[in-house]
Amino acid sequence: MTPVFPRSPATLAPSLAVLLLSVSPLQAREEVPFAEFGSIAEAQAALVEAYAAAAAVTPLPATLAAERAYYDSLFATATADELLNIYEGYVQELWRVTNHAGVMPAQASLETLDSVCIGEVLSGCAVSAAGWINGGDEASRTAWQAQGGFTPEDGIRGGIVLLQPDGDTWRVFAWDFQGYRYDAPHLNEDGFLSVRGFNVGSGGGRADLLFARDGDGWAQIELVSWRKQLPDFLPEGLGIWQGPDYDFADMRDGLAATSPLWRETDGNCCGTGGEVRLVFERVGSSLVLSDVEADIAE
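If you're wondering where the values come from, they're calculated on a predicted model, not measured in any experiment. (Residues numbered from 1 in each chain as written. Predicted model: local features only at pLDDT ≥ 70, side-chain atom pairs only at ≥ 80, totals over all residues. Heavy atoms only, no water.)

1. Thoughts on the sheet that holds strand E3 (residues 142–151)
Spatially, five strands are ordered E1-E5-E4-E3-E2 in an open sheet, and the strand pairing comes out antiparallel. Two strands in the sheet have a free side with no partner beyond their single neighbour: strand E1 (107–108) and strand E2 (123–133). In terms of strand pairing, strand E4 (residues 155–166) meets strand E5 (residues 169–176) through seven bridges, oriented antiparallel. Paired with Val 161 across the bridge in E5 is Trp 175. (Pairing = 2+ DSSP bridges. Helix = DSSP H or I, 4+ residues; strand = E, 2+ residues; numbered from the N terminus.)

Take a look at the structure:
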């Protein structure tokens, strides 16, 4: 059972970002070193520092590591003219993760779960929905809060905060502000806790989160690296350009997702190559493709 406390749609405030980690609060924004690097060596040194700081505090370590691998691939293929811009943007995003952690409390009360935003990441923050999942035992109980607000950098933005029991209090174990809207979390019969998150725009894709029980806590599972496998499953010239529609609630066919397929000549808004169903299995902190069923359009 998942009680939900909805609020007026007028108080909701959603927005955008793809595979990046989001924006900083007003209190911490001035501390972000919006760097302009003079050399690749300077940029690389700044990246080492920023990544170490983010890795020490992120609630989504699997995603952080997978995105680092993605950026490393960009560094390896980018032109000299592109490299400094990529470094500058990535370093800024990493410091924002650290700043988010700096204004996110370790614990929170459920008494104001449906009315007072946890943390100070979003400006003009309002609670869009909140509730809890009882789970099968005390350890699986989860409280959650969805937020809406804005930042000067990205405009309208959403957030999700997840909590678990910790003695007589509730501990914040995960949060994310990448998407513009987050649905209520769902705990399936196999113990996977998932959150459907959405980005804005035709290329915005998804900001979904996935966790699995790990002892007395939740282990985060990243949804990034499986894309490297996709060319091995699809005919040449077809791909998935946006975030798929993950279905982690119904486990009859495993962890799955569906998506349109894009041809190389398609616009970003609309894939014309058919439809595909993806089936995953969990391997450590990642999802790995185990089957791909493509219905290719003529």
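2. A look at helix H2 (residues 40–57)
Compared with an ideal rise of 1.5 Å per residue, which puts 18 residues at 26 Å, H2 spans 26 Å between its outermost C-alpha atoms and is within 8% of the ideal. Of all the positions in H2, only Ala 43, Ala 46, Leu 47, Ala 50, Tyr 51, Ala 53 and Ala 54 are classed as buried. Looking straight down H2, one finds its buried side chains confined to an arc of 165 degrees; they lie on one side. Looking at H2, the residues exposed on the side facing more than 90 degrees away from the buried face are Ala 41, Val 48, Glu 49 and Ala 56. (Expected span 1.5 Å × (residues − 1). Buried < 20%, exposed > 50% of the residue type's maximum accessible area, 1.4 Å probe, protein only. Arc of directions from axis to C-beta.)

3. Re the pairing of strand E8 (residues 192–195)
Both faces of E8 are covered, namely the face carrying Phe 192 and Ser 194 and the face carrying Leu 193 and Val 195. Pairing of strand E7 (residues 186–187) with E8 involves two bridges; the strand directions are antiparallel. By the bridge assignment, His 186 is partnered in E8 with Ser 194. The hairpin turn running from E7 into E8, its antiparallel successor, is four residues long, and Gly 191 in that turn takes a positive phi close to 85 degrees. Relative to strand E10 (residues 209–214), E8 runs antiparallel, the two sharing four bridges. In the strand pairing of E10, Phe 192 is matched with Ala 212.

4. Observations concerning the pattern of salt bridges
Evaluation of the coordinates by the stated rule reveals seven salt bridges. Residue Arg 96 pairs with Glu 93 through a salt bridge whose shortest N-O separation is 2.6 Å. In this pair, Arg 96 and Glu 93 are both assigned in helix H4 (residues 80–102), three residues apart and thus about one turn of the helix distant. Residue Arg 206 is joined to Asp 208 by a salt bridge in which the shortest nitrogen-to-oxygen separation is 3.0 Å. Across the pair, exposure class does not vary: Arg 206 and Asp 208 are buried alike. The structure contains a network of salt bridges with shared partners spanning Arg 181, Asp 183, Arg 196, Arg 206, Asp 208 and Asp 245. (Salt bridge = Lys/Arg side-chain N within 4 Å of Asp/Glu carboxyl O.)

5. Considering the packing of H2 against H4
Orientation of H2 relative to H4, taken along the N-to-C sense of each, is 25 degrees, at an axis distance of 8 Å. One element, H2, and the other, H4, form an angle in the roughly parallel class. Regarding H2 and H4, the two cross each other, and that crossing is left-handed. Taken together, the residues of H4 that come into contact with H2 (itself represented by Ile 40, Ala 43, Gln 44, Ala 46, Leu 47, Glu 49, Ala 50, Tyr 51, Ala 53, Ala 54 and Val 57) are Leu 83, Leu 84, Tyr 87, Tyr 90, Val 91, Leu 94, Trp 95, Val 97, Thr 98 and Ala 101. Partitioned by chemical class, the residues of the contact of H2 with H4 number 18 nonpolar, two polar and one charged. (Axes fitted to C-alpha atoms, helices over the stretch in contact; angles between N-to-C directions. Parallel < 35°, antiparallel > 145°, perpendicular 65-115°, else oblique. Left-handed = near helix turned anticlockwise from the far one by under 90°. Contact = heavy atoms within 4.5 Å. Nonpolar A, V, L, I, M, F, W, Y, C, P; charged D, E, K, R; others polar.)

6. Topic: the confidence of the model for the protein chain
Here the protein chain averages 85 in pLDDT, while 87% of its residues score no lower than 70. Long-range and interchain partners of residues 1–32, a stretch whose pLDDT sits below 50, account for 116 contacts in this model, where long-range means more than four residues apart. (pLDDT = per-residue confidence, 0-100.)

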